[in-house]
Amino acid sequence: MERCQLSEIKNQGGVMSAAESIIVPELLRSETDTGFAGVAALDDRRARLPTGTSVVIRDVISLIRQVAGHDSTVLVLGESGTGKEVCARAVHDLSPRRNRPFVAVNCGAIPADLLESELFGHERGAFTGAVSARKGRFEIAEGGTLFLDEIGDMSPTMQVKLLRVLQERVFERVGNQVPMRCNVRIIAATHRNLEESIQRGTFREDLFHRLNVFPIEMPALRSRIEDLPLLVRDCIATNLSEGRGRVQLSPRALGALALCQWTGNVRELANFIERLSIVCAGRVVEVRDLPPKYRPPLDWTLEIKALEDTSQVIPEEEHLTEETALSVLEEVELEREERKEASNKNATSDSLVILPEDGLDLRAHLLTIERQLIEQALQRSRGTVAQAARLLNLRRTTLVEKMRKLGMAQSGEFPPED
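Here's what I pulled together on the structure shown here. Since this is a predicted model, take the numbers as computed values, not measurements. (Residues numbered from 1 in each chain as written. Predicted model: local features only at pLDDT ≥ 70, side-chain atom pairs only at ≥ 80, totals over all residues. Heavy atoms only, no water.)

Further remarks concern the overall build of the protein. Within the protein, the secondary structure is distributed over 18 helices and eleven strands. When contacts within the protein are restricted to residue pairs at least 6 apart in sequence, long-range pairs at least 24 apart make up 72% of them. (Helix = DSSP H or I, 4+ residues; strand = E, 2+ residues; numbered from the N terminus. Contact = heavy atoms within 4.5 Å.)

Okay, here's the thing in structure tokens:
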């Protein structure tokens, strides 16, 4: 579950400072949790939408708004920790069922032999230990939304019973054969690839199609790293509201965090910020304060330290402004792309000069290299021969002739002029 939510805060036409956003966490949650700039609609104020302004999160929020007003079944997909329950709650909060219960069940955390009783309830004496009748989650969620988390871990037997409920909207308590009708909206979620599970025979295809009416894919944090400043700022505010210490991240520390893979996604980030709010309370966190796992490589560390030593001191209230943080992330991303490109060039160069132990056919090897480089140039230029020729520092006619000799073009395919 994504523990921290944040939105772009607007105050009299401008972005609120980090200090203001931390001082008024209730305003963060009640009025601006939309992830978009501008004044939120009344319904949006009731919902806790996923945090961020990246393209992928904007698409997710758009899908949530589109489906919220309908009773269609929603299937939320994504890695663990991406905020699938946040998505499900947002759909519920924006729906006509918002004033009815939202009931969440983790299907993977409950043993298979107990899940039926948990979902459908049981009568007294239905099994050993059933000393009294008990309502199931379907009854508790009546009129509202039932969120079935980790649906991909449900046993085949329970899949059959759930399919019947989805088809007929009728279920029976354990130990009772009297059918009971239900009026709930189903939202399911899983981190598994259900289509692959179908191929392996561990998930029913008919149940998949019942659930996959309106799929929503929650993106991994590493695929929307531009949302990191907003997520960090909201996590800091959340920790402050829960009684933990106030902490700030320097722009360079934030840049270092942008290099991390975040395999645990937003959940990992929330836990990390909570730790910092305990061990670094009341001060600014620098790169040297980060745990080893979250520090950049040595060359990055030296470079960041040099920048810190030569840069001017940033006023406290500016340590985590959105403009400063995004500027750092842009620099980090640009540098990362340059290093990646340089690494690829070095790798290619090394592979070209290594002679196999058994030797090689030099002519054939050079022709292979020539063909590969021409193909890469054409791919990068989207098939435009003139642009590919410029990338290879060749005349267009020379490149066309080479392509014909290598069998990469039919005679007469290219005109003599551009």
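Moving on, we come to the sheet that holds strand β9 (residues 214–217). Spatially, five strands are ordered β4-β5-β8-β3-β9 in an open sheet, and the strand pairing comes out parallel. Bordering the open sheet on either side are β4 (102–106) and β9, each of which pairs with just one other strand. Within this sheet the neighbouring strands show an average axis-to-axis angle of 20°, counted without direction. For β4 and strand β5 (residues 145–149), the ladder comprises five bridges, and the chain directions are parallel. Of the residues in β5, the one forming a bridge with V103 is L146. (Pairing = 2+ DSSP bridges. Axes fitted to C-alpha atoms, helices over the stretch in contact; angles between N-to-C directions.)

Across the ten residues that make up helix α5 (residues 84–93), a large majority, nine, are buried. Looking at α5, one finds that the buried residues are K84, E85, V86, C87, A88, A90, V91, H92 and D93. (Buried < 20%, exposed > 50% of the residue type's maximum accessible area, 1.4 Å probe, protein only.)

Let us now look at a nonpolar patch on the surface. Where nonpolar side chains cluster on the molecular surface, the patch consists of L355, L360, L362 and L366 and spans about 400 Å² of accessible area. Relative to the helices and strands, L362 is located in helix α16 (residues 362–380). (Patch = residues over 30% accessible without salt bridge, like charges linked within 9 Å, V, L, I, M, F, W, Y side chains within 5 Å. Areas by Shrake-Rupley, 256 points an atom, 1.4 Å probe, with all protein chains shown as cover. Salt bridge = Lys/Arg side-chain N within 4 Å of Asp/Glu carboxyl O.)

Burial of nonpolar side chains together is a common tendency in soluble globular proteins. L119, F138, L148 and I151 are the most contacted members of the largest nonpolar core, which has 30 residues in total. Of all the elements in the fold, those that place two or more residues in this core are β3 (74–77), β4, α6 (112–120), β5, α8 (156–168), β8 (185–190), α9 (194–200) and α10 (205–211). Looking at this core element by element, the count peaks at five residues for α8. In terms of nonpolar packing, the next biggest core, distinct from the first, is built from 26 residues, I225, V232, V266 and V287 among them. (Core = buried A, V, L, I, M, F, W, Y, C linked by side-chain atoms within 4.5 Å.)

At a closest axis distance of 11 Å, the pairing of α16 and helix α18 (residues 396–405) adopts a crossing angle of 125°. Our classification of the angle between α16 and α18 gives oblique. The handedness of the crossing between α16 and α18 is left-handed. Judged by residue contacts, E370, I374 and L378 of α16 engage L399, K402 and M403 from α18. Taken together, the residues that form the contact of α16 with α18 break down as four nonpolar, no polar and two charged. (Parallel < 35°, antiparallel > 145°, perpendicular 65-115°, else oblique. Left-handed = near helix turned anticlockwise from the far one by under 90°. Nonpolar A, V, L, I, M, F, W, Y, C, P; charged D, E, K, R; others polar.)

This model, assessed by the stated rule, comprises seven aromatic pairs. Ring geometry for F102 and F147: centres 6.1 Å apart, planes at 25°, overall stacked. Residue F102 is located in strand β4, and its partner F147 is located in strand β5; the two are separated by 45 residues in the primary sequence. Residue F102 shares its accessibility class with F147, and that shared class is buried. Where F138 meets F171, the ring centres are 5.8 Å apart and the plane angle is 35°; that geometry is what we call tilted. Note that F138 is positioned in helix α7 (residues 137–140) and F171 in strand β6 (residues 170–171), a separation of 33 residues in sequence. (Phe/Tyr/Trp six-rings, centres within 6.5 Å; stacked < 30°, edge-to-face > 60°.)

What follows covers the pairing of β9. Taken residue by residue, a regular strand's side chains alternate between the two faces of the sheet. Across the two faces of β9 the burial differs, with F214 and I216 buried and P215 and E217 not buried at all. Taken together, the four bridges between β3 and β9 define a ladder with parallel strand orientation. Residue pairing in the sheet places V76 in a bridge with I216 of β9.

Evaluation of the coordinates by the stated rule reveals 18 salt bridges. The partner of E274 in a salt bridge is R244, and the shortest N-O contact between them spans 3.7 Å. Pair noted here: E274 is in helix α13 (residues 265–279) and R244 is in the loop between α11 (228–241) and β10 (248–249), with a separation of 30 residues, a long-range link. On the accessibility criterion, R244 (21% relative accessible area) is partly exposed.

So, on to unusual backbone geometry. Apart from glycine, the bulk of residues carry a negative phi angle, and the bulk of peptide bonds sit in the trans form. The residue N265 is not glycine, and still its phi comes out positive at about 60°. By the secondary structure assignment, N265 is in helix α13. Relative accessible area serves as the criterion here: at 0%, N265 is assigned to the buried category. One non-glycine residue, N393, adopts positive backbone phi at about 60°. Relative to the assigned elements, N393 resides in the loop between α17 (385–391) and α18. We classify N393 as exposed; its relative accessible area is 70%.

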